[in-house]
Amino acid sequence: MFRVVIPARWQSTRFPGKPLALIDGRPMIAHVCTRAAESGAAGVIVATDDERIAVAAHAAGAEVCMTAASHASGTDRIAEVAKLRGFAADDIVVNLQGDEPRMPAAIVRQVATALAAQRSAAIATAASPLRSQAEYLDPNVVKVVTDPAGRALYFSRAPIPWDRDGAGTDRAFAGARRHIGLYAYRAAALLRFAALAPTPLELLEKLEQLRALEHGMEIHVVEAAGIPGPDVNTPEDLQRT
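No experiment lies behind these values; they were computed from the predicted model shown. (Residues numbered from 1 in each chain as written. Predicted model: local features only at pLDDT ≥ 70, side-chain atom pairs only at ≥ 80, totals over all residues. Heavy atoms only, no water.)

Enquirer: Help me understand the nonpolar core in this model?
Expert: Soluble globular proteins tend to pack their nonpolar side chains together in the buried interior. Residues Val4, Ile6, Val46, Val94, Leu96 and Leu182 are the most contacted members of the largest nonpolar core, which totals 41 residues. Sorting elements by how many residues they give to this core places helix H4 (residues 105–117) first, with six residues. Residues within four places of valine 94 in sequence aside, it is in contact with Phe2, Arg3, Val4, Val5, Val108, Val111, Ala112, Leu182, Tyr183 and Ala184. Judged by nonpolar contacts, the second largest core, of 30 residues, contains Ile78, Ala79, Ala82 and Phe193. (Core = buried A, V, L, I, M, F, W, Y, C linked by side-chain atoms within 4.5 Å. Buried < 20%, exposed > 50% of the residue type's maximum accessible area, 1.4 Å probe, protein only. Helix = DSSP H or I, 4+ residues; strand = E, 2+ residues; numbered from the N terminus. Contact = heavy atoms within 4.5 Å.)

Enquirer: What am I meant to see in the environment of aspartate 237 here?
Expert: Here aspartate 237 is to be found in the segment after strand E11 (219–223). If we ignore the near neighbours within four places in the chain, the residues touching aspartate 237 are Asp231 and Val232.

Enquirer: Please explain empty space enclosed by the protein as it appears in this structure.
Expert: A probe matching the size of a water molecule, rolled over the atoms, marks out where space remains unfilled. Under the criterion given, the structure shown has one cavity of 30 Å³ or more. When its volume is computed, the largest cavity comes out at roughly 40 Å³. Surrounding the largest cavity, Ile123, Tyr183, Tyr185, Phe193, Glu208, Gln209, Ala212 and Ile219 form its lining. Elements with a minimum of two residues in the lining of the largest cavity: strand E10 (177–186) and helix H8 (209–214). Residues belonging to the lining of the largest cavity are distributed by class as follows: six nonpolar, one polar and one charged. (1 Å grid on protein atoms, 1.4 Å probe; cavity = no way out; pocket = protein on both sides within 12 Å on 5 of 7 lines; lining within 4 Å. Points joined across faces, edges and corners; volume = space filled by probe spheres on them. Nonpolar A, V, L, I, M, F, W, Y, C, P; charged D, E, K, R; others polar.)

Enquirer: Can you help me understand the packing of aromatic side chains in this one?
Expert: Aromatic ring pairs are reported here in terms of the distance separating the ring centres and the angle at which the planes meet. Taken as a whole and assessed by the stated rule, the structure comprises three aromatic pairs. Both rings, one in tyrosine 183 and one in tyrosine 185, keep their centres 6.0 Å apart while their planes meet at 35 degrees; by these two values the pair is tilted. A single burial state applies to tyrosine 183 and to tyrosine 185, both of which are buried. Summarising the aromatic geometry, the rings of tyrosine 185 and phenylalanine 193 are spaced 6.4 Å apart at their centres and angled 45 degrees between planes, so their arrangement reads as tilted. The class of tyrosine 185 is buried, set by a relative accessible area of 2%. An aromatic cluster is defined as three or more aromatic residues linked by ring pairs; in this entry it consists of Tyr183, Tyr185 and Phe193. Above the plane of the ring of phenylalanine 87 lies arginine 3, whose end atom (NZ or CZ) is 4.2 Å from the centre. The positively charged end of arginine 52 is found above the aromatic ring belonging to tryptophan 10, 3.5 Å away from the centroid. (Phe/Tyr/Trp six-rings, centres within 6.5 Å; stacked < 30°, edge-to-face > 60°. Lys NZ or Arg CZ within 6 Å of the ring centre and 35° of its normal.)

Enquirer: When you look at unusual backbone geometry in this model, what are you seeing that I'm missing?
Expert: It is generally the case that most residues other than glycine have a negative phi and that most peptide bonds are trans. Of note, the amide linkage connecting isoleucine 160 to proline 161 takes the cis form, showing an omega dihedral of -10 degrees. Note that proline 161 resides in the loop between strand E9 (152–156) and E10. Although it is not a glycine, aspartate 24 adopts a positive phi angle of roughly 55 degrees. By secondary structure assignment, the location of aspartate 24 is in the loop between strand E2 (22–23) and strand E3 (26–27). The phi torsion at lysine 206 lies on the positive side, around 60 degrees, for a residue other than glycine. Its location among the elements puts lysine 206 in the loop between helix H7 (200–205) and H8. Look at lysine 206 and you get exposed, because its relative accessible area is 61%.

Enquirer: Mind showing me how you'd approach the pattern of salt bridges here?
Expert: Should the charged atoms of two oppositely charged side chains come close, the side chains can pair. A full pass over the atoms with the stated rule returns 14 salt bridges. Its salt-bridge partner being arginine 151, residue aspartate 147 comes within 2.8 Å of it at the nearest N-O pair. Via salt bridges that share partners, Arg131, Glu135 and Arg178 belong to a single interconnected network. (Salt bridge = Lys/Arg side-chain N within 4 Å of Asp/Glu carboxyl O.)

Enquirer: I would appreciate a short explanation of the pairing of strand E1 (residues 2–8) in the present structure.
Expert: Remember that side chains alternate between the two faces of the sheet whenever the strand is regular. With respect to burial, E1 is a largely interior element, six of its seven residues being buried. Pairing analysis gives four bridges linking E1 to strand E6 (residues 92–95), with the strands arranged parallel. What sits directly across from phenylalanine 2, in E6, is isoleucine 92. Of the strand pairs in this sheet, E1 and strand E4 (residues 43–48) are connected by six bridges, and their pairing is parallel. Bridge assignment links arginine 3 to a residue of E4, and that residue is glycine 43. (Pairing = 2+ DSSP bridges.)

Structural measurements only, silent on function.
What follows is the structure, encoded as structure tokens:
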């Protein structure tokens with residue numbers, strides 16, 4: 001059993017009011033709630049600080065938990081939900097961002113199932129093969145490397161792993177994987193993570209998952225069961241969904 005918590009705030013720097021932007025005539029948050037429900041989650045909760053988003057989430061059939069407006073990240077927002085709702089330490093919580101209207105439900109279910117199966121892991125996430133050299137070199141595409149058992153070794157905006165002998169060839173990116181920003185947490189790990197201060201590598205790369213690694217938290221990475229559609233960060237991104 002797992003729950004999906006969807007953090008959604010009004011005051012996005014690049015796109016204020018983003019959760020209510022219309023896609024195919026429905027608010028974006030409604031599409032995300034549908035993806036979450038299709039995953040087979042025991043509950044879908046929208047964590048927000050805005051009544052307008054709350055109304056749309058209720059209309060989409062989700063529960064709503066009103067949270068503080070001061071949270072620095074979606075992870076902090078879902079951690080507040082875990083506290084307010086009194087989740088048990090081993091409860092599994094999937095953080096599905098409110099700007100992922102095309103995230104396949106199968107991947108949501110996959111990361112939750114993977115975490116349940118990996119008792120030593122605190123967090124589970126997903127990755128998929130890179131499709132081009134351009135993606136490999138793009139700092140906006142986060143890469144991940146793991147050990148043979150699927151435990152994350154590092155996440156980076158840099159091109160990793162680096163093929164020393166194949167650098168500069170058209171296939172230099174072969175074997176590299178793109179990290180998909182979807183996380184399943186055990187509730188206790190989520191609360192611990194949110195209480196930790198940002199770490200040097202996290203601040204350097206601007207990747208909060210590095211905080212978990214720097215504190216010795218195991219992150220299990222699965223091969224994604226599908227390819228997510230585009231997320232939405234700007235009004236222009238709506239045209240790609």
